[in-house]
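Residue-level listing of the chains:
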Amino acid sequence: MGADKPEAKKGEGRGYATPVELPRACRGLFSGADFGCGHHVLFMIHKASRLEIKIRNRSNCTSIVAAAAYCAGDRYRCDRTGRLKNYQRRRDVVSVESIKMPHDPQRIWNAADAVEKHPGARLAREFVISLPVELPLDVQRKLVRGYCLWMHETHGVSSFASIHHPLSDGADKEILSDLSPQTEGRKKPIKLRKDERGNPLNQHVHILCPTRHWCDETGQFTKKLRDLDHIVKGPNFVQSVRDEWERRVNRLLIKHDINEKVDLRSYKKMAAAGDAPEGLMAQKKMGPKNAARGRQRELEVGEDSTYLGVDRAETQKHNANCWDSWLTLRALEREKGRLERAREH
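Basis of the calculations
Residues numbered from 1 in each chain as written. Predicted model: local features only at pLDDT ≥ 70, side-chain atom pairs only at ≥ 80, totals over all residues. Heavy atoms only, no water. Core = buried A, V, L, I, M, F, W, Y, C linked by side-chain atoms within 4.5 Å. Buried < 20%, exposed > 50% of the residue type's maximum accessible area, 1.4 Å probe, protein only. Helix = DSSP H or I, 4+ residues; strand = E, 2+ residues; numbered from the N terminus. Contact = heavy atoms within 4.5 Å. Polar contact = N/O pair within 3.5 Å; in protein donor to acceptor, adjacent residues only side chain to side chain. Pairing = 2+ DSSP bridges. Axes fitted to C-alpha atoms, helices over the stretch in contact; angles between N-to-C directions. Phe/Tyr/Trp six-rings, centres within 6.5 Å; stacked < 30°, edge-to-face > 60°.

S.K.: I'd like to hear about the nonpolar core, residue by residue, with values.
M.R.: By size, the foremost hydrophobic cluster in this structure holds 30 residues, and its most contacted members are F127, Y147, I207 and W245. When contributions to this core are tallied by element, the ones reaching two or more residues are β6 (122–130), α3 (137–155), β7 (159–164), β8 (204–210) and α5 (233–255). Considering every element that reaches this core, the biggest residue donor is α3, with seven residues. When sequence neighbours within four positions are dropped, the list of residues in contact with I207 reads R125, E126, F127, I129, V144, Y147, C148, M151, S159, F160 and A161. With 20 residues, the next largest nonpolar core counts V65, C71, I108 and A124 among its residues.

Structure (structure tokens):
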């Protein structure tokens, strides 16, 4: 990936080339990629093209204080439920910061919970954003801090941000756990904690934003940020925060000589803009259990023959064919234009 030029696959001599197989987030435009037959397009989509926004309310979140403790890898008590949530054993939390509100998470999030009286009230918005692994931790901190400051200046939103870096040996530990024999009469292996699993490339940040404005003078949450829930202004807010993140992270990628770009658009919007072929299909999310099952099946029989594994392989093959046809058509159109210009001169 990046500046390296992928090798064209079989059929290159016949003017046929298949694009390199990429994950869902990476399949888009390619930086300096030459697929044979003159296929050369603009840039390559970075793997960290992910920005989720989740609404935390009392129907889907038993305690916003517990959610904050999970993000921070700390130990907080919820005054409403009386429960103590302890995530201090987590080892993947590398940075915790409060932006435009005091850094006393237990008190702040208990206050955010107490000020809401409705049984189904919205308590917070959680942003889960992937971070480019090529950027050092201090650069990631500055990126997240600047982004949170922009949200406060533009939308009046305070933030509680925590950066997670999965352990470098987490995937190996999970694979070893999957391969442990489950014979009768033998104790099952100790289940790995969540922070001990996963891909070390999955660096991300959790940003919890209260739904009310924080007043430094009174030290309390005040008015509700209604514009973010508005039927018209709400979608505009979502689009603006996605566009701003793209702009900020892509500027840093260019600064660090990384020839890839974060693109948060859907396949449909990319195709409408002429940046991708029509008919691309998104891959189904596998989840940790299905991913572990697929790895084990691949080690046993040489391929992931599970239902989701087969479905993912078919989706990748379909998308590769779409890219192949689209890139070939673009190359032919450019060649046609070049010949027409040559005849005119």
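S.K.: For the side chain of H164, give the residues involved together with the corresponding values.
M.R.: Along the chain, H164 turns up in strand β7. Among the polar contacts made by the side chain of H164, one reaches the main-chain carbonyl oxygen of C71 at a distance of 2.8 Å. With residues near it in sequence (within four places) discarded, H164 still touches Y70, C71, R90, D92, V93, N202, Q203, H204 and H206.

S.K.: Could you give me a rundown of the environment of D304, with the residues and numbers involved?
M.R.: Looking at the secondary structure, you find D304 in the loop between α7 (287–301) and α8 (307–344). Setting aside its immediate chain neighbours within four residues, D304 contacts M286, G294, R297, E298, G309 and V310. Polar side-chain contacts of D304 include one of 2.7 Å to the side chain of T306.

S.K.: Lay out the sheet that holds β6 with the relevant residues and their values.
M.R.: What the five strands build is an open sheet, ordered β2-β6-β8-β7-β5; its pairing is antiparallel. Every other strand in the sheet has two partners, leaving β2 (51–57) and β5 (93–99) as the edge strands with one partner each. Strand-to-strand twist in this sheet, taken as the mean axis angle between neighbours without regard to direction, amounts to 15°. Taken together, the seven bridges between β6 and β8 define a ladder with antiparallel strand orientation. Looking at β8, one finds that I129 is bridged to V205.

S.K.: Account for the packing of aromatic side chains, with residues named and values stated.
M.R.: Tallied over the full model, the rule gives seven aromatic pairs. Where Y70 meets Y87, the ring centres are 5.6 Å apart and the plane angle is 85°; that geometry is what we call edge-to-face. Taken together, the residues span a long stretch of sequence, with Y70 in helix α1 (residues 64–72) and Y87 in the loop between β4 (84–86) and β5 at a distance of 17 residues. We classify Y87 as partly exposed; its relative accessible area is 27%. Each ring, one from Y147 and one from W245, has its centre 5.1 Å from the other, and the planes form 75°; the classification is edge-to-face. On the criterion of sequence distance, the pair formed by Y147 in helix α3 and W245 in helix α5 is long-range, its members being 98 residues apart.

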